[in-house]
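Understanding the architecture of this molecule
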Amino acid sequence: MAKIGIFSRNPFSWPSQQLQQAIIYYGYEPVFLKLSRIVNWIGFNDWKATSEGVNLYELLAMIVRPIGRCSLEEAIYRLDALHRLVRAGKIVVNSPSAIEKCIDKFYSLSLLEENGLPVPKTVVAEDANDALEAFHKLGGDVVVKPIFGSRGVGITRVSDPEIAIRIFRTLQFYHGVIYLQEFIHHGKRDIRMFVVGDEVVAAMYRESDSWKTNIAQGARPVAFRPSDELEEIAIKACRVLGCEVAGVDILESPRGYLITEINSQPGWRGLQSVTKVNIARKIVKYVLRRAKS
Ligand SMILES: Nc1ncnc2c1ncn2[C@@H]1O[C@H](COP(=O)(O)OP(=O)(O)O)[C@@H](O)[C@H]1O
Ligand SMILES: [Mg+2]
């Protein structure tokens, strides 16, 4: 039976279980793999890359769940290992190049802007004084984000210049990159669209009691049917980043829709609770279609 790998830190997590069941549903064998256990064999005739003893070259396809917290060296190695698999013709979803673009908020936002997609005014700098100047240019009310962050962790709204400069100096001291974005008055909700291939398979409003609308921060999923215009924005954004499975985050601002980020390793438990579409099956069906073409 052909095998499909799932790179996951936790095979018992809800999304991993959903993917496992979907793979079985389509008549394939799921195999859990760990990125941290990849071994690359170079100069050997066989065993080119393994993870916990599984030969990755013998899998029909691989699905990548979150890369996880790791050092820069580990992150680059893990992505390089996935690149090697792609060069060998293996199907890896999402591809390492898409993951690289999406996990870096500066890289993805600049690509989206270059391709005519709407994004918030954002400034990225290393020097605290440059960041302070940008803080004022952005209207003195900004959101400071980790450049590689997720789930709303570490994101802070700052509107006091004295606090702003303290934060910027601290980030500079620790060699962080300072990522500032105009604060968008979005009415404590945003839109999450889940894209698989060229299709928005499900969408929701995430409604919150605060300005942070991540489900991980306590926001509530509310069923939502996106317009054609919104679906087009989401699909185009994914195409620009080469992302095949993605959570697209959009804020409704007084000047229209603005994309805040594209998640290349999205969860979908909240979304699954407000849609009848089986999202894991959509993902697996797409991966199988790629593997067969
Ligand atoms: N520029 C902004 N103005 C207002 N709220 C924002 C802005 N950017 C992000 N947010 C809020 O913070 C949440 C997390 O931001 P996001 O950029 O998606 O980072 P993360 O990767 O942590 O999810 C968003 O879902 C949104 O609710
Ligand atoms: Mg987000």
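Residues numbered from 1 in each chain as written. Chains lettered and ligands numbered in written order. Predicted model: local features only at pLDDT ≥ 70, side-chain atom pairs only at ≥ 80, totals over all residues. Heavy atoms only, no water.

1. Here's the deal with unusual backbone geometry
Val 93 connects to Asn 94 through a cis peptide bond whose omega is -5 degrees. For Asn 94, the location among the structural elements is in the loop between strand 7 (92–93) and helix 3 (96–103). The residue Glu 52 is not glycine, and still its phi comes out positive at about 50 degrees. By the element assignment, Glu 52 lies in the loop between strand 4 (49–51) and strand 5 (54–55). Notably, Lys 188 is not glycine yet its phi reads approximately 60 degrees, a positive angle. Mapped onto the elements of the fold, Lys 188 is located in the loop between strand 11 (178–182) and strand 12 (189–196). A residue is classified by how much of its surface remains accessible, and Lys 188, at 44% relative accessible area, is partly exposed. (Helix = DSSP H or I, 4+ residues; strand = E, 2+ residues; numbered from the N terminus. Buried < 20%, exposed > 50% of the residue type's maximum accessible area, 1.4 Å probe, protein only.)

2. Comments concerning the coordination of the magnesium ion (ligand 2)
At the metal site, the magnesium ion (ligand 2) is ligated by Asp 249 (OD) and Glu 261 (OE), and these contacts range over 1.9 to 2.3 Å. Residue Asp 249 is found in strand 15 (residues 245–253), and its partner Glu 261 is found in strand 16 (residues 256–263); the two are separated by twelve residues along the sequence. By relative accessible area, which is 3% here, Asp 249 ends up buried. Glu 261 sits in the buried class, given a relative accessible area of 12%. (Donors = N, O, S within 2.8 Å, 3.2 Å for Na, K, Ca; no water.)

3. Let's talk about the domain arrangement of the protein chain
Looking at the assigned domains, one finds that the protein chain contains domain 1 (3–97), domain 2 (122–182) and domain 3 (186–277). Once you take the C-alpha centre of each, domain 1 and domain 3 turn out to be 26 Å apart. In this assembly, twelve residues from domain 1 lie in contact with eleven residues from domain 3. Of the roughly 930 Å² buried at the junction of domain 1 and domain 3 (both faces included), carbon and sulfur atoms supply 54%. A per-residue breakdown of the area domain 1 buries against domain 3 is headed by Trp 14, Arg 65 and Asn 94, which together make up 56% of the total. On inspection of domain 1 and its partner domain 3, the count reaches zero salt bridges. Joining domain 1 to domain 3, the criterion identifies five residue pairs in polar contact (both at pLDDT 80 or more). Elements supplying a minimum of two residues to the side of domain 1 that touches domain 3: helix 1 (14–25) and strand 7. In terms of residue count, helix 1 provides more of the side of domain 1 that touches domain 3 than any other element does, four residues in total. The residue makeup of the side of domain 1 that touches domain 3, split by class, is eight nonpolar, three polar and one charged. (Domains from an automatic or database assignment. Contact = heavy atoms within 4.5 Å. Buried area = accessible area lost by both parts, 1.4 Å probe. Salt bridge = Lys/Arg side-chain N within 4 Å of Asp/Glu carboxyl O. Polar contact = N/O pair within 3.5 Å; in protein donor to acceptor, adjacent residues only side chain to side chain. Nonpolar A, V, L, I, M, F, W, Y, C, P; charged D, E, K, R; others polar.)

4. Here we look at the site of ligand 1
Around ligand 1 there are 23 residues in total, and Lys 105, Lys 145, Gly 152, Thr 213 and Asn 214 lie nearest to it. In this structure, an oxygen atom belonging to ligand 1 sits 2.6 Å away from a main-chain N or O atom of Gly 152. Note that an oxygen atom of ligand 1 is positioned 3.3 Å from one of the side-chain N or O atoms of Asp 249. If ligand 1 stood free it would expose 540 Å²; the protein chains cover 99% of that surface. Of all the secondary structure elements, the ones that give two or more residues to the shell around ligand 1 are strand 9 (142–145), strand 11, strand 15 and strand 16. Among the residues forming the shell around ligand 1, the class breakdown is six nonpolar, eight polar and nine charged. (Near = heavy atom within 4 Å. Areas by Shrake-Rupley, 256 points an atom, 1.4 Å probe, with all protein chains shown as cover.)

5. Thoughts on the packing of helix 3 against helix 4 (residues 105–114)
One can describe the packing of helix 3 onto helix 4 by two numbers: an axis separation of 4 Å at closest approach and a directional angle of 95 degrees. It follows that helix 3 is roughly perpendicular to helix 4 by the angle criterion. Every residue of helix 4 that contacts helix 3 at Glu 100, Lys 101, Cys 102 and Ile 103 is listed here: Lys 105, Tyr 107, Ser 108 and Leu 111. A breakdown of the residues in the contact of helix 3 with helix 4 according to their chemical character gives four nonpolar, one polar and three charged. (Axes fitted to C-alpha atoms, helices over the stretch in contact; angles between N-to-C directions. Parallel < 35°, antiparallel > 145°, perpendicular 65-115°, else oblique.)

6. Observations regarding a nonpolar patch on the surface
The grouping of Leu 72, Ile 76, Ile 103 and Phe 148 at the surface amounts to a nonpolar patch, some 390 Å² of accessible area in total. Along the chain, Leu 72 turns up in helix 2 (residues 72–87). Judged by its relative accessible area of 56%, Leu 72 is exposed. (Patch = residues over 30% accessible without salt bridge, like charges linked within 9 Å, V, L, I, M, F, W, Y side chains within 5 Å.)

7. Thoughts on the sheet that holds strand 2 (residues 29–33)
Consider a sheet: its strands pair through backbone hydrogen bonds, and that pairing is either parallel or antiparallel. Spatially, four strands are ordered 2-1-6-7 in an open sheet, and the strand pairing comes out parallel. Of all the strands in the sheet, just strand 2 and strand 7 have a single pairing partner and so form its edges. Running at roughly 140 degrees to strand 6 (residues 61–64), helix 9 (residues 279–292) makes contact with strand 1 (3–7), strand 6 and strand 7 of the sheet. (Pairing = 2+ DSSP bridges.)

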